[in-house]
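So you can see what is in the structure, the chains are spelled out below.
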Amino acid sequence: SMEIVKSLKLIPITYESDYYPRNLFALPDPPPVIFVKGNLELLNKESISIVGSRKALAVSLNMTKSIINNIDNKVIISGGADGIDSKAHKSALEKGLYTISVLGFGFLYANNKLFDDILNNSGALVSEFLPFEKPSKFTFPIRNRIISALGNDILIMQASAKSGALISAYWSYKLKRRVFAFVSNPVEEFEGCINLIRDGIAKIFTNINHIMADLDIKQEQTPQNPILKHLEKPLTFEELLLKTNYDEEKLTLE
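The model shown is predicted, which means the values in this text are computed figures rather than measured ones. (Residues numbered from 1 in each chain as written. Predicted model: local features only at pLDDT ≥ 70, side-chain atom pairs only at ≥ 80, totals over all residues. Heavy atoms only, no water.)

Draft legend 1. Expanded view of the sheet that holds strand E5 (residues 99–102). Strand order in the open sheet formed by nine strands is E1-E2-E6-E5-E4-E3-E7-E8-E9, and the pairing between neighbours is mixed. Each edge of the open sheet is held by one strand with a lone partner, namely strand E1 (11–14) and strand E9 (203–205). Averaged over neighbouring strand pairs, the angle between their axes works out to 25° when direction is ignored. Packing of helix H4 (residues 113–120) onto the sheet brings it into contact with strand E2 (33–38), E5 and strand E6 (124–127), and relative to E6 it is tilted by some 120°. Each of strand E3 (47–51), strand E4 (75–78), E5 and strand E7 (153–156) touches helix H5 (residues 139–150); the most contacted strand, E5, lies at about 155° to it. (Pairing = 2+ DSSP bridges. Helix = DSSP H or I, 4+ residues; strand = E, 2+ residues; numbered from the N terminus. Axes fitted to C-alpha atoms, helices over the stretch in contact; angles between N-to-C directions. Contact = heavy atoms within 4.5 Å.)

Draft legend 2. Local environment of the packing of aromatic side chains. Evaluated as defined, the whole model comprises seven aromatic pairs. Seen in terms of ring centroids, Tyr15 and Tyr20 are 5.3 Å apart; in terms of plane orientation they differ by 80°. Their pairing is edge-to-face. Given a relative accessible area of 1%, Tyr20 falls into the buried group. Consider the rings of Phe105 and Phe140, whose centres lie 6.2 Å apart with planes at 75°: the pair is edge-to-face. Of the two residues, Phe105 sits in the loop between E5 and H4 while Phe140 sits in helix H5, which places them 35 residues apart along the sequence. Among the residues examined, Phe105 registers a relative accessible area of 10% and is labelled buried. Of the aromatic side chains, those joined through ring pairs into one cluster are Tyr15, Tyr20 and Phe25. Cation over ring: Arg54 sits above Phe140, and NZ or CZ is 5.5 Å from the ring centre. Positioned over the ring face of Trp171 is Lys174, at 4.7 Å from the centre of the ring. (Phe/Tyr/Trp six-rings, centres within 6.5 Å; stacked < 30°, edge-to-face > 60°. Buried < 20%, exposed > 50% of the residue type's maximum accessible area, 1.4 Å probe, protein only. Lys NZ or Arg CZ within 6 Å of the ring centre and 35° of its normal.)

Draft legend 3. A look at unusual backbone geometry. A cis amide bond links Asn185 with the next residue in sequence, Pro186, at an omega value of -5°. In this fold, Pro186 is placed in the loop between strand E8 (178–182) and helix H7 (191–198). Despite not being glycine, Lys9 has its phi angle at roughly 60°, a positive value. Here the phi dihedral of Lys176 falls at roughly 60°; this positive angle occurs in a residue that is not glycine. Structurally, Lys176 can be placed in the loop between helix H6 (165–174) and E8.

Draft legend 4. Layout of the pairing of E6. The alternating pattern of E6 places Ala124 and Val126 on one face and Leu125 and Ser127 on the opposite face, and all of these are buried. Where E2 and E6 come together, four bridges link them in antiparallel fashion. By the bridge assignment for E6, Lys37 is matched with Leu125. Inspection of the sheet shows E5 paired to E6 by three bridges, in the parallel sense. Residue pairing across strands places Val102 opposite Val126, the latter belonging to E6.

Draft legend 5. Layout of the environment of Leu24. Relative to the elements of secondary structure, Leu24 occurs in the loop between E1 and E2. Since its relative accessible area comes to 1%, Leu24 is described here as buried. Along the backbone, Leu24 and Leu150 are 126 residues apart, and their C-alpha atoms lie at a distance of 6.2 Å. Contacts of Leu24, omitting those with residues within four sequence positions, involve Pro30, Pro31, Ile34, Ile146, Ala149 and Leu150.

Draft legend 6. Structural view of the pairing of E4. Burial along E4 is two-sided: the face carrying Val75 and Ile77 and the face carrying Ile76 and Ser78 are both buried. As paired strands, E3 and E4 are joined by three bridges and run parallel to one another. Bridge pairing in E4 links Ser49 to Ile77. At this point the chain moves from E3, through helix H2 (residues 58–69), to the parallel E4, and the crossover so formed is right-handed. (Right-handed = clockwise from strand over helix to strand, strands pointing away.)

Have a look at this one:
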């Protein structure tokens, strides 16, 4: 199997290595060895994990991209699956951010264009599984705790009631990371996110301004709310209505 490791150009990293991700030591059972391909420097950089459903809705995919477009200098960590994970990796590459994909299987099964793109853009692939370990319903939940431990924060972008992404959310909570869950419509598609919020595990966000404020990220791109411009001097509700061209109901909601 050392032959396989060599032929796949994998770098085995153990506890003793300076490259071993210090964040993994928060786990009760940090893997004694992780196999890495790509940029080792990323393993100890400030990072954020972004995960969610394979059957992702446009609203969640677009929100994932918008968030990443507002992030600078953080490594984006995800699980390389279809849907939200892939969108997180691709959006990071488009933005020029580094990204790490944590694999739920051995490296012999890691062959797709997304993984090539990540490696070609100085990203990294990580797996704690031996190269010939097949993907199975057991390997993905094990992998999810690595995604949680690596990220300083985690965003759950879409999760139904039985989504595997919830495992990552619970791990992040257990490891005292900040957990944020996106909720949109149709509500059933976000039932897992809603349950996280009900259980006090995640903080809700329904729009980009919420999450940017919670992550302490200054937004350059978003136009300022027109109401704010007028609030420097006291105005009546009617004067504000005239100045902002809002309808009454909308203004009341603001």
